[in-house]
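# Observations on the model geometry
Chain by chain, the residues run as shown.
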Amino acid sequence: AIPIDDIDFSDLEAKYAIPEDDSLSHFIIVDGAPIAPESKVAVLKKVLTKVFSAAGKVTDMYMPVENGQTKGFVFVEFEDISSVDIACKKLNNKKLDVKHTLFVNKLSDVEKYGVKGHVSDEFVEPKIEPYHESPYLKSWLQDYNGRDQFVLQKGDEVGVYWSKNKNDPEPAVEPRQNWTQAFVRFSPKGSYLFSMHEQGIQAWGGPEFSRLKRFFHPNARLIDFSPCENYLVSLSPTPIEVPAEDHPARASFPFGPESEGHKLIIWDIKSGLPTRTFALPPNLENEKKMVWPLVKWSYDDKYCARMGPDALAVYETSDFQLLDKKLIKIEGIVDFEWAPAGVKLAASKNKDADQHVLTYWTPEQVNQTARVALMQIPSREVIRTVNLFQVSDCKLHWQDEARFLCVKVDRHTKSKKTIFTSLEFFHLFEKDIPVEKLELKDSVINFSWEPKGERFVTISILDVGGNVNPAIARNTLTFFGPEEEKIKNKTKLNIKKWTAFASFEKKHSNTIEFSPKGRFVAVATIIGNNHGEIEFYDLDYDGTNKESSTVNNTGSGNNKYFALTDIAWDPSGRYLAAWSSSWRHKIENGYRLYDFAGHLLREEVIDQFKTFYWRPRPQSLLSSNDRKKVRKNLREYSAQFEEADAMEADVATRELILKRRKLFEDWNSWRSEIEKIQKDLGLTQEEE
Amino acid sequence: AESKEVLSRFNILEERQRKLDEARRIKEEEEIRLRQEKAIAEKRAEQERIEQEAIRRRKEKLLREQEAIKEKEKKKIAEEINAKGIIKIDVDKLEDLDADKLRLMQVEQLTKDKKDLETKLRSLAKKMDHTERAYRRYELPLLAKDAEL
Amino acid sequence: MRPIMLKGHERSLTQVKFNREGDLLFSVAKDKSASVWYSFNGERLGTFEGHIGTIWSIDVDSKTELAVTGSADFSAKLWEVNNGKCIKTWKLKTPAKRVEFSPNNDKLLIVTDQVMGEKGTITILPINSNFETREEQTDEPLLIIETAEGAEKVTVAGWSYAGKYIIAGHSNGVVSKYDAETGELHKTVKVHDLTITDLQFSQDKTYFITSSKDKTAHILDVDTLTIMKTYEADAPMNSACITPVKNFVILGGGQDARDVTTTSSKQGKFEARFYHKIFEDEIGRVKGHFGPLNYVAIHPNGTMYASGGEDGFVRLHHFDKSYYDFK
């Protein structure tokens, strides 16, 4: 087991001290060298000797070889100890060529921190990798039973478990005390688990959840990831303080002087190195409630962008420099969102190419109406704008495949007393990007697209101006679906129009969670006047006709859960977890597991329960052909699974019986022992 | 004297005639009165009969209407049941079924619907679960290859 | 079966207790009077009047002749059960939090509170139970046990089998064990994270159950003070008892009124909870009170249980057939 009790970064401080002189102090270890065939070792040695001679005389060099290939790391011995320091200072992060950057560390450091289970402390992690076979980060997908994992955080303990649905979850690793000092987060595809500490962030993964990387960012409070999980973004209220030039720690300090005072860091997760740091925009310095995320990413991690006053800064992640070295001026910009997928623009020369698109909106300004715009990146070309009137707020909702953008426009009446919503739909894949408008009487407070679908659900309320009794259920839940417009004119394309096909009034509901696979949606009321409740809807009620626009509140699926604070679907859309977190209140903390139709499978009431967290899964490796094959043979699989499930259930029952039998025997044997002692002492209750 | 006698007889005759006339007149008047009374009575009876008839008709009409409503309701319930398409009722032959019986059938129907929905959901749950698990199992060799990279 | 509501107290109940035969139920509350009830129909037999402060605890001897009460008025009183006459008042330096007769009625223990600079103690007094002379009781304690080192003040205490030991529960979750003759400390064990609210023995007094504000209850062995069983609840627990006949334990408690964020009784968890004594699983809950349950007591034959609530009611539940059929 890995020692978890003290995973702080205190050893980093030790690192700042001058290492003791010992037999290893003449060595450095270099990582990031080219991986080359054995035959090239001599040439490589020559090249590297030349590089490291810059620090002093090289007396020996050892390059491990495995399966006829070098492993990318090298041990270098210097004649003079002082050369070791010089090499670390001058040659660390040296670019050997475009592909190879050298990471230099003292071997004595590695030995000191790398033994006895004390994984090394360096910001520059690669140097310890020679000692570990790096674990397969997708190992959890290799579970023979195809189970999902989730995290349960209770009190100071964090555990990762295999979900066994209604049965007790099985720990994937021994639950760890103080694994994090705040929360844990999975990266978007589930490869890494991140924990939060006073000194920074740690990444864990592989079958044992071993420590993979540490990101030195004291007091980091908020983190976020790029969608392809290449980058980690962290924010700390404590600005970076770069050690003085002559400080021994300066050589390996991960940030240069340009990062002085910065609070926002973008890290490369794989290398563990910072790629770019930023100061907090001045307008956010005194904000009590931080806007997050501050960095938003294109779907493929190729670009990221930050919003500043009246401008958008777009960076290319290849070098994290500003796109075209300049900001994009957008007067009054309030919010922006990247398209969550590549967009095949009809107007583009290459119609099949996935384009990067982002949308932003600006409020009403002098001589200008409020406006929503779509911009193509990297061309910065504004490909569509819509002018809006009497706008009090806009929310940008992309459909997950970026086929549609819905802008929820909250508009005020002329008197400004009440708010009503209109929805503006941008049809990204159509020629000229037509925009459809849907005006509503209500004010929409929640909007959610069906994943990979064309339907959406809203929660709305009629704004009557002034205060209303919150105990009265006034919300309306509405299901919308597309309706093909009749072709009047053959030249005009079929534009989808959305109409409400079902609605439910007098609700307290305030949360919509669509199953990641679509069709099923959970609508919940979360901490509102004791009305905690989850309702499960099936948008294809009939189950036979996909197009049938009926909705069914799946009978069994009305579940009161008054202490409810959160809900989340598993990655497959088969199960919904609901929980009551002690972060929100102290009442009936714990979690429940439902199936998609709202059948309660499992409930645990846990004192101090903090959170439930499904481990995300990356996109499946299966091709559509593979899937077809599987579906064709489903009957065979089904038979296997039925049998496995029956056996599992049998085992569970048998285990319970055995456990109870044992408890009973233990109790009885203890009682008879006590009775014997009592008898021997000649004692009964009433005598003395 | 004769003239006196004649006069007297004449007077007597006259008197007698007068009395006769009087008597006849009274009788006639009496007859007229009786006839009139009879006519009124007959008219009243006729009117009563008509009224009774009207009441009877109204009642009958009401009854008919009620029957129709009942029938309609029965038909409606039956149609509702039929629309669910699980049990079939002949809408034109509802004589031996009253609304209560139909309602009971409807409740049964709803219970059955709920049960059917439940069965449907259970089998859907199984299908979804097995498909997902099958995909994941089929993916295992691909992942093993991926792990070697 | 419908529970019987015993209405008579005007304020929160502090303790309820059956006599040895179980035909009578004794109850005390913050309203300064003790009540005696017929357990089969809930009719009040009488009251013990005389205290001028909250009565924290009551006990009755095994012959149902004498009863003792401990009060916040810095006294403990001895009563004749059949006529409600007070025959002795012991003046104390601090409030009496717990009183209990030894199993053979010849001694009395009083847990005195640790307040106003006075040390809390377990004071052992001799009891003269001779019918003729019982109005003559001494003020001289046999023994005064002071709080063991490493333990905070005593909150609850009771006599083990044969009156051999005194077991005490402390405000820091420690359980301590003393020789009842000499007062010698045998052992202390940290059992709970928070204050121990109740300590009740099994019928043969060889093991006992503790309840705590830390939302758990434990069964411990008298001889070794080993934790044999643990029962986990989701609210602070004020009381726990072990049922004879069936293998159950009953826990009572609930969120303190000041901790309950809303007025809903559902959220306060004001229920009596039944657990399987050996398997530790929760079996069921009995609702009814509008406030936390301050004490739960089981009939000596296991045919009914009583709960005293913060809401001022005593609820008496006769078990029905399903209870006896369970497992």
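None of the values given here were measured: they were computed from a predicted structure.

Tallying secondary structure elements over chain A gives six helices and 45 strands in all. Of all 688 residues assigned to chain A, the portion counted as buried reaches 51%. Partitioning the contacts of chain A with sequence separation of at least 6, the portion at a separation of at least 24 is 51%. Looking at chain A as shown, the accessible area adds up to about 33,500 Å², and 50% of this sits on carbon and sulfur atoms.

Our focus in this paragraph is the sheet that holds strand S43 (residues 590–595) of chain A. Residues and elements named next belong to chain A. Read across the sheet, four strands follow the order S41-S42-S43-S44 without closing on themselves; strand pairing throughout is antiparallel. The sheet terminates laterally at strand S41 (566–569) and strand S44 (600–605), the two strands that pair on one side only. The average angle at which neighbouring strand axes cross in this sheet is 15 degrees, direction not considered. In this structure, S43 lies alongside S44, joined through five bridges in antiparallel fashion. Opposite Gly590, over in S44, you have Val605 as the bridge partner.

What follows concerns helix H2 (residues 41–52) of chain A. Residues and elements named next belong to chain A. Given a rise of 1.5 Å per residue, twelve residues ought to cover 16 Å, and the 16 Å separating the end C-alpha atoms of H2 matches this to within 8%. Where H2 is concerned, the buried positions are Val41, Leu44, Leu48, Val51 and Phe52. Down the axis of H2, the buried set is contained in an arc of 85 degrees. They therefore lie on one face. Exposed residues pointing more than 90 degrees away from the buried face of H2 are listed as Ala42, Lys46 and Lys50.

The next thing to look at is the packing of helix H6 (residues 634–680) of chain A against helix H2 (residues 99–148) of chain B. Direction vectors running N to C along H6(A) and H2(B) enclose 100 degrees, while the axes themselves pass 9 Å from each other. As judged from the angle between their axes, H6(A) and H2(B) are roughly perpendicular. Here A:Leu634, A:Tyr637, A:Ser638, A:Gln640, A:Phe641, A:Glu642 and A:Asp645 of H6(A) lie close against H2(B), whose contacting residues are B:Lys126, B:Lys127, B:Asp129, B:His130, B:Thr131, B:Arg133, B:Ala134, B:Arg137 and B:Tyr138. Tallied by class, the residues present in the contact of H6(A) with H2(B) amount to five nonpolar, four polar and seven charged.

This paragraph deals with the environment of B:Tyr135. You can see B:Tyr135 is positioned in helix H2. Residue B:Tyr135 is classed as buried on the basis of its relative accessible area, which comes to 11%. Ignoring anything within four residues of it in the chain, the contact list for B:Tyr135 reads A:Leu622, A:Arg627, A:Val630 and A:Arg631.

Put simply, side chains in a regular strand alternate between the two faces of the sheet. Residues and elements named next belong to chain A. With burial as the criterion, only one face of strand S25 (residues 335–338) is covered, namely that bearing Phe336 and Trp338; the residues Asp335 and Glu337 on the opposite face remain uncovered. Examined bridge by bridge, S25 and strand S26 (residues 356–362) share four bridges and lie antiparallel to one another. Across the sheet, the residue bridging to Glu337 is Thr359, located in S26.

This part takes up H6(A). Compared with the 69 Å implied by 1.5 Å per residue over 47 residues, the 68 Å span of H6(A) between its first and last C-alpha is a close match. Within the sequence span of H6(A), burial applies to A:Leu634, A:Tyr637, A:Ser638, A:Phe641, A:Leu663, A:Trp667, A:Trp670, A:Arg671, A:Ile674 and A:Gln678. Those residues of H6(A) hidden inside the fold are in contact with helix H5 (624–632) of chain A, H2 of chain B together with strand S19 (207–212), strand S20 (216–221) and strand S21 (227–232) of chain C. A:Gly682 lies just past H6(A) and shows a positive phi near 70 degrees.

Residues and elements named next belong to chain C. Read from one edge to the other, the open sheet built from four strands follows the order S10-S11-S12-S13, with strand pairing classed as antiparallel. A single partner strand is all that each edge strand has here, and the edge strands are strand S10 (96–101) and strand S13 (143–146). Taking each pair of neighbouring strands and ignoring which way they run, the sheet shows an average axis angle of 15 degrees.

Our focus in this paragraph is the interface of chain A and chain B. Contacts between chain A and chain B engage 42 residues on the former and 27 residues on the latter. Of the roughly 3,300 Å² buried at the junction of chain A and chain B (both faces included), carbon and sulfur atoms supply 60%. The largest contributions to the chain A side of the interface with chain B come from A:Arg574, A:Leu621 and A:Phe641, which together make up 18% of the buried area. At the boundary of chain A and chain B, one finds 16 residue pairs in polar contact (both at pLDDT 80 or more). Those elements giving two or more residues to the side of chain A that touches chain B turn out to be strand S40 (552–560), H5 and H6 of chain A. In terms of residues, the side of chain A that touches chain B owes the most to one element, H6(A), which gives seven residues. Partitioning the side of chain A that touches chain B into residue classes produces 14 nonpolar, 13 polar and 15 charged.

Residue and element names in this part refer to chain A. With 87% of its residues at a pLDDT of at least 70, chain A reaches an overall mean of 85. Low pLDDT, under 50, characterises residues 1–8; the predicted model gives this stretch 18 contacts beyond four residues in sequence or across chains. Confidence drops under pLDDT 50 across residues 113–132; counting only partners more than four residues distant or on other chains, this segment forms 63 contacts.

Looking now at the packing of H5(A) against H2(B). It is at 10 Å that the axes of H5(A) and H2(B) come closest, and there the two elements cross at 125 degrees. The angle between H5(A) and H2(B) falls in the class oblique. Crossing geometry of H5(A) relative to H2(B) is assigned as right-handed. For the pair H5(A) and H2(B), contact is made by A:Asp626, A:Arg627, A:Lys629, A:Val630 and A:Arg631 and by B:Thr131, B:Ala134, B:Tyr135, B:Tyr138 and B:Leu142, respectively.

Residues and elements named next belong to chain C. Extensive coverage of S20 is indicated by the burial of six of its six residues. Across the two faces of S20 the burial is the same, with Thr216, His218 and Leu220 and Ala217, Ile219 and Asp221 all buried. Two successive antiparallel strands, S19 and S20, enclose a turn made up of three residues, where Lys215 displays a positive phi of approximately 75 degrees. As defined by bridge partners, S20 adjoins S21 across five bridges and the pair is classed as antiparallel. Opposite Ile219, over in S21, you have Lys229 as the bridge partner. Hairpin connection from S20 to S21: five residues lie between these consecutive antiparallel strands, with Leu225 at a positive phi of about 55 degrees.

The subject of this paragraph is the packing of aromatic side chains. The description of an aromatic ring pair rests on the distance of the ring centres and on the angle between the ring planes. Tallying each qualifying case throughout the model produces 55 aromatic pairs over all chains. Aromatic side chains A:Phe456 and A:Trp498 sit 6.3 Å apart centroid to centroid with 55 degrees between the ring planes, which places their arrangement in the tilted category. Of this pair, A:Phe456 sits in strand S34 (residues 456–461) while A:Trp498 sits in strand S36 (residues 496–507), placing them 42 residues apart in sequence. Among the residues examined, A:Trp498 registers a relative accessible area of 4% and is labelled buried. Judged by centre distance (6.1 Å) and plane angle (50 degrees), the rings of A:Phe664 and C:Phe279 are tilted. Of this pair, A:Phe664 sits in helix H6 while C:Phe279 sits in the loop between strand S24 (272–276) and strand S25 (282–286), which puts the two residues in different chains. Members of the aromatic cluster, joined through ring pairs, are A:Tyr192, A:Phe194, A:Phe215, A:Phe216, A:Phe225, A:Phe253, A:Phe255 and A:Trp267.

This part covers the pattern of salt bridges. Going through the model one piece at a time under the given rule, you end up with 68 salt bridges over all chains. Salt-bridge contacts for A:Asp645 lead to B:Arg133; the nearest nitrogen and oxygen are separated by 2.8 Å. Remark: B:Arg133 occurs in helix H2 and A:Asp645 occurs in helix H6; the pair is interchain, linking two chains. Across the salt bridge formed by C:Glu80 and C:Arg134, the nearest N and O atoms sit 3.1 Å from each other. Linking C:Glu80 in strand S8 (residues 75–80) with C:Arg134 in the loop between strand S12 (121–126) and S13, this pair joins segments that are 54 residues apart in sequence. Note on accessibility: C:Glu80 and C:Arg134 belong to one class, buried. Three or more residues joined by partner-sharing salt bridges are found here, namely A:Asp148, A:Lys517, A:Arg574, A:Arg617, A:Asp645, B:Asp129, B:Glu132, B:Arg133 and B:Arg136.

Most of the time, phi is negative for any residue but glycine, and the peptide bond is trans. A cis amide bond links A:Trp292 to the next residue, A:Pro293, at an omega of 5 degrees. In this structure, the amide linkage connecting A:Ile377 to the following residue, A:Pro378, adopts the cis form with an omega of 15 degrees. Within the fold, A:Pro378 resides in the loop between strand S27 (370–377) and strand S28 (381–388). A positive phi angle, close to 50 degrees, is found at A:Glu229, a residue other than glycine. Following the sequence through the fold, A:Glu229 ends up in the loop between strand S16 (222–225) and strand S17 (231–235). Owing to a relative accessible area of 8%, A:Glu229 belongs among the buried residues under this scheme. Of note, C:Asn105 is a non-glycine position whose phi angle comes to about 70 degrees, a positive value. In this fold, C:Asn105 is placed in the loop between S10 and strand S11 (107–112). Judged by relative accessible area, which is 5%, C:Asn105 ranks as buried.

Rules used throughout
- Residues numbered from 1 in each chain as written.
- Chains lettered and ligands numbered in written order.
- Predicted model: local features only at pLDDT ≥ 70, side-chain atom pairs only at ≥ 80, totals over all residues.
- Heavy atoms only, no water.
- Helix = DSSP H or I, 4+ residues; strand = E, 2+ residues; numbered from the N terminus.
- Buried < 20%, exposed > 50% of the residue type's maximum accessible area, 1.4 Å probe, protein only.
- Contact = heavy atoms within 4.5 Å.
- Areas by Shrake-Rupley, 256 points an atom, 1.4 Å probe, with all protein chains shown as cover.
- Pairing = 2+ DSSP bridges.
- Axes fitted to C-alpha atoms, helices over the stretch in contact; angles between N-to-C directions.
- Expected span 1.5 Å × (residues − 1).
- Arc of directions from axis to C-beta.
- Parallel < 35°, antiparallel > 145°, perpendicular 65-115°, else oblique.
- Nonpolar A, V, L, I, M, F, W, Y, C, P; charged D, E, K, R; others polar.
- Buried area = accessible area lost by both parts, 1.4 Å probe.
- Polar contact = N/O pair within 3.5 Å; in protein donor to acceptor, adjacent residues only side chain to side chain.
- pLDDT = per-residue confidence, 0-100.
- Left-handed = near helix turned anticlockwise from the far one by under 90°.
- Phe/Tyr/Trp six-rings, centres within 6.5 Å; stacked < 30°, edge-to-face > 60°.
- Salt bridge = Lys/Arg side-chain N within 4 Å of Asp/Glu carboxyl O.

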